[in-house]
Amino acid sequence: MIRALHRWPGLVALALVCLLALSGAALSVFPAAERLGAPQAEATMSVADLATRIHVVYPGVEQIKRSPSGRITAYWFDNGTPGSAVVDPATGAGVASADANPVERWLTNLHRSLFMDDAGRFVSAAGAVAMLVLAVSGTMLVARRAGGWRRWFAPLRGPMTGRIHVELARGAVLGLLLSSATAIWMTASTFGFLPDQAVVPDLPSTVSGDTGMPLAGMPMLVSTPVSSLRELSSPYPGDASDVFTLKTDLGTGYLDQGTGATLGWSNLSGWERASETIYMLHTGQGAAVLGLLLGLMALAVPVVGATGAVIWLAGRRGRPRIRGNVPPSRGETVILVGSEGGSTWGFAATLHDALTRAGHPVHVAPMSAFDPARTPAARRYVVLAATYGDGDAPASAKGFLDRLARLSVAPSAPLAVLGFGDRGFPAFCRYAQAVEAAAKAKGWPTLLPLDTVDRQSPQEFARWGRALGEALAIELELDHRPVRPETTSLRLTSRRNYGQDVQAPTAILRFAVPRLSLWQRLTRKGFARFEAGDLLGVVPEGSTIPRFYSLASGSGDGFVEIVVRKHVGGLCSGALMALEPGDTLAAFLHRNPAFHAGTDRAPLILVGAGTGLGPLAGFIRANSGRRPIHLFFGMRHPESDFLYREELEAWAVEGRLSRLSTAVSRGIRPHYVQDALASEHRQVLGAIRNGARVMVCGGRDMAAGVAEAMARMLEPLGMSPAMLKAEGRYVEDVY
């Protein structure tokens, strides 16, 4: 519900909210400029002194006004001709034109009413309401993502677009809450919905009838400081029955022009004071620094809006359009999807279509949106969960286990869990297993026992579907046809071969960056923007499952580079190793922001073996800022598979690589990267104390050995790899 409240006002009112924010940011400059440019009265100056000085210069002065910035303006008639000027309170003489700034007037009309009078004011108010809803819902979503209010400023991980969106939002949200709430109040005041109309005293029924009392002799003007003045209006010339009208920060009163006596006074009401405070908070009039700060925060709105739209579009692209997806309140079968790359959503769509044809109202949602209170009609839950990395939750399942743990009781509707993975990896369907275990521990009834699908097999999915159909007493045939990802043709420009002598044929393959369209260049999509650590996806002939290879280059390098080792019987590695310069490869780019080096100055400890060196070499190549990097690299034999040897030596000379430690596993004394780490534990622990980040890439057995070695090293410090992972300081890309 909160996510929907945040998404739709933002998407529907994006242009309006951005227009209001930008125009408001521009307007915030004028109060500060006015405060700096206007001559200011001395703190001890009274209204009597000020008015006397102005009357000497402009005998026909009719009105004196002081704005919240302290600017004083005089209005007069000279032989029937009106005049006005900004005056210097020290002399009473004019120093600047009192005409309104045409740019400020234009921006004000745009900001308040979009040049559409009252109808435009209502539209602007609707924009303010949308901004308030976005600010409140966004605050709640940021707190949820950070792990609670106490972790509001906790470091963020994930795609750059999402991090920019949240970082700017949590820095500007207080200003946006204040600006939108005050705008709504001001609109209500403008249309008379609030009892904040000015209270003025009744005009006096009797006056002295005398004229000519010196201003310096009027007690009220003498006792009122200029800093409190708002307006002083003079009597009409020659009319002995007229009076002076004085408006101050405290209220409004009338003064007899012949005696100086106060003839009536009304204090500002509480509603008036509240509305004036609201006006000051919204416009910065009288609080220029606050106005500039709010204007600066408003500048974040277009960026937050644009990144939010990008996030929404990415989410839409990452999952198929599911027609006939019923609202959560009506779903009798609730399908919850945990997917990293998007393929599991395709299986969910197939299951949804089959159940819908069988007459079941079905609601499909990401696992991260799990909330039994939103699905009161649910008679069964089905979880389709892929596994990310070494047993972690995939992108659309973040927070599911925490939400389940927070429930006081499990849902009464039974649950079926289906895991998706690859049996070639030790962590096969480990996240699905964790979901099943947590559900049983919570007492969630079981519809079907945990089952799995290996390598996105349509046959295994269909087999599970028949079992589900039996449990539901219906015929259920799941005919899933995977959608082949859209690919781009890459041309191989060079290759370097290694590993023949140790029976591990390996190659560094370098491809030219494909020709990019203007739209791709402008939006930085596809191969227009990538980093070392992102993944190159290749779908081999005879398979529907893409294989992924970590990139050893970024778009700034001007080429696409991967490191490949040939595996016995490997469809994809065999095809890649057969490529020669000039050959082409159909591939696609998959972002992997969890394994990016980042741009901060914290030291890096890079650990890799074999082809795992690829992305680590890319991080070092991109280290133009000379960030401290210590690389631990494991190989079989230095004369056969010392990948990037020449480059590493050159990068060390250039300062891109601070230290290189190698481990050779073949020979008289086999040595592995975990052994190299242990032998240099003092340097490693010193770097970690200084905030270093550990990045591990390579085979799972190697990564497990490194984790064990790190655990032993960190134990005396009261730390562990798990603790570093929780802080985002220990990341793995293993296969």
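Report on the accompanying structure. (Residues numbered from 1 in each chain as written. Predicted model: local features only at pLDDT ≥ 70, side-chain atom pairs only at ≥ 80, totals over all residues. Heavy atoms only, no water.)

**Some remarks on the overall build of the protein chain**
Inference 1: Along its length, the protein chain carries 23 helices and 24 strands.
Inference 2: Computed over its C-alpha atoms, the radius of gyration of the protein chain comes to 36 Å, more than 25% above the 27 Å expected for a compact globule of 735 residues.
Inference 3: Along the first, second and third principal axes, the C-alpha atoms of the protein chain reach 115 × 70 × 55 Å.
Inference 4: Looking at the protein chain as a whole, 47% of its 735 residues qualify as buried.
Inference 5: Here the protein chain displays about 35,500 Å² of accessible surface, and carbon together with sulfur accounts for 56% of that area. (Helix = DSSP H or I, 4+ residues; strand = E, 2+ residues; numbered from the N terminus. Rg over C-alpha atoms; globule rule 2.2 N^0.38 Å. Buried < 20%, exposed > 50% of the residue type's maximum accessible area, 1.4 Å probe, protein only. Areas by Shrake-Rupley, 256 points an atom, 1.4 Å probe, with all protein chains shown as cover.)

**Concerning the pattern of salt bridges**
Inference 1: In this structure the tally under the stated criterion is 19 salt bridges.
Inference 2: Note that E332 and R379 form a salt bridge whose closest N and O atoms lie 3.7 Å from each other. With E332 in the loop between helix 11 (300-317) and strand 9 (333-338) and R379 in the loop between strand 10 (362-366) and strand 11 (380-386), this residue pair connects regions lying 47 residues apart in the sequence.
Inference 3: Linking E477 and R466 is a salt bridge whose minimum nitrogen-to-oxygen distance equals 3.7 Å. With E477 in the loop between helix 15 (458-472) and strand 14 (488-498) and R466 in helix 15, this pair connects stretches of sequence that are 11 residues apart.
Inference 4: Through salt bridges that share partners, R510, D557, E561 and R621 make up one connected network. (Salt bridge = Lys/Arg side-chain N within 4 Å of Asp/Glu carboxyl O.)

**Thoughts on the sheet that holds strand 5 (residues 229-233)**
Inference 1: With antiparallel pairing, the eight strands of this open sheet are ordered in space as 4-3-2-1-5-6-7-8. Both edges of this open sheet fall to strand 4 (94-96) and strand 8 (262-267), since each of them pairs with a single strand only. Across the sheet, the mean angle from the axis of one strand to that of its neighbour is 20°, orientation sign disregarded.
Inference 2: Across the sheet, helix 4 (residues 47-57) is in contact with strand 1 (61-66), strand 2 (72-78), strand 3 (81-87) and strand 5; its angle to strand 1 comes to roughly 135°. (Pairing = 2+ DSSP bridges. Axes fitted to C-alpha atoms, helices over the stretch in contact; angles between N-to-C directions. Contact = heavy atoms within 4.5 Å.)

**Points about the nonpolar core**
Inference 1: Counting 27 residues, the largest nonpolar core has L606, L613, L631, Y644 and L648 as its most contacted members.
Inference 2: Elements with a minimum of two residues in this core: strand 20 (604-609), helix 18 (613-621), strand 21 (629-635), helix 19 (645-654) and strand 23 (693-698).
Inference 3: By residue number, the principal contributor to this core is helix 18, which donates five residues.
Inference 4: Aside from chain neighbours lying at most four places away, what touches Y644 is R496, Y498, I508, A552, E561, V563, L613, G614, A617, R621 and W651.
Inference 5: Core analysis: the second largest hydrophobic core is formed by 26 residues, I335, A348, A349 and L351 among them. (Core = buried A, V, L, I, M, F, W, Y, C linked by side-chain atoms within 4.5 Å.)

**Let's talk about the state of the cysteines**
Inference 1: The full count for this structure, using the stated rule, is zero disulfides.
Inference 2: With no disulfide of its own, C697 lies 16 Å from the sulfur of C572, the closest cysteine sulfur.
Inference 3: Look at C697 and you get buried, because its relative accessible area is 1%. (Disulfide = S-S within 2.5 Å.)

**As for the sheet that holds strand 18 (residues 559-565)**
Inference 1: Taken in spatial order, the six strands make up an open sheet running 17-16-19-14-15-18, and their pairing is antiparallel. Strand pairing shows two members of the sheet lacking a second neighbour, strand 17 (547-550) and strand 18, which therefore form its edges. Neighbouring strand axes in the sheet, compared pairwise and without regard to direction, differ in orientation by 40° on average.
Inference 2: Across six bridges, the pairing between strand 14 and strand 15 (residues 506-512) is antiparallel. Paired with S494 across the two strands is R510, which belongs to strand 15.

**Overview of the environment of A434**
Inference 1: Counting through the fold element by element, A434 comes out in helix 14 (residues 430-442).
Inference 2: Between the C-alpha atoms of A434 and D392, which are 42 residues apart in sequence, the distance is 9.4 Å.

**Considering unusual backbone geometry**
Of all residues except glycine, most have a negative phi; of all peptide bonds, most are trans.
Inference 1: Even without being glycine, L114 reaches a positive phi, approximately 55°.
Inference 2: Counting through the fold element by element, L114 comes out in the loop between helix 5 (102-113) and helix 6 (117-146).
Inference 3: L114 sits in the buried class, given a relative accessible area of 17%.
Inference 4: Even without glycine at this site, R626 takes up a positive phi of about 60°.

**Here we look at the environment of A586**
Inference 1: Examined against the element boundaries, A586 turns out to sit in strand 19 (residues 584-590).
Inference 2: Classification of A586 as partly exposed rests on a relative accessible area of 43%.
Inference 3: Taking the C-alpha atoms as reference points, A586 and G728, separated by 142 residues in sequence, lie 34 Å from one another.
Inference 4: In contact with A586, not counting residues within four places along its chain, are T487, T488, G537 and V538.

**A word on the pairing of strand 15**
Inference 1: When you tally the buried positions in strand 15, you get five out of seven residues, the bulk of the element.
Inference 2: Pairing analysis gives seven bridges linking strand 15 to strand 18, with the strands arranged antiparallel. Within strand 18, the residue paired with R510 across the bridge is E561.

**Points about the packing of helix 2 (residues 14-27) against helix 5**
Inference 1: Following both chains from N to C, one finds helix 2 and helix 5 inclined at 150°, their axes separated by 9 Å at the closest point. On the basis of the axis angle, helix 2 is roughly antiparallel to helix 5. As helix 2 runs across helix 5, the sense of the crossing is left-handed. Of the residues in helix 5, those touching helix 2 at L19, L20, S23, G24, A26 and L27 are E104, L107, T108, L110 and H111.
Inference 2: Here the contact of helix 2 with helix 5 is built from residues that sort into six nonpolar, four polar and one charged. (Parallel < 35°, antiparallel > 145°, perpendicular 65-115°, else oblique. Left-handed = near helix turned anticlockwise from the far one by under 90°. Nonpolar A, V, L, I, M, F, W, Y, C, P; charged D, E, K, R; others polar.)

**Thoughts on the packing of aromatic side chains**
Inference 1: Enumeration over the complete set of coordinates arrives at 18 aromatic pairs.
Inference 2: Ring centres 6.2 Å apart and planes at 75° place the aromatic pair F527 and F530 in the edge-to-face group.
Inference 3: Exposure remark for F530: the relative accessible area of 2% places this residue in the buried category.
Inference 4: For the ring pair F548 and F588, a centre distance of 5.8 Å and an interplane angle of 90° mean the geometry is edge-to-face. One end of the pair, F548, is in strand 17; the other, F588, is in strand 19, with 40 residues separating them in the sequence.
Inference 5: Taking the relative accessible area as the measure of exposure, F548 reaches 38% and is therefore partly exposed. (Phe/Tyr/Trp six-rings, centres within 6.5 Å; stacked < 30°, edge-to-face > 60°.)

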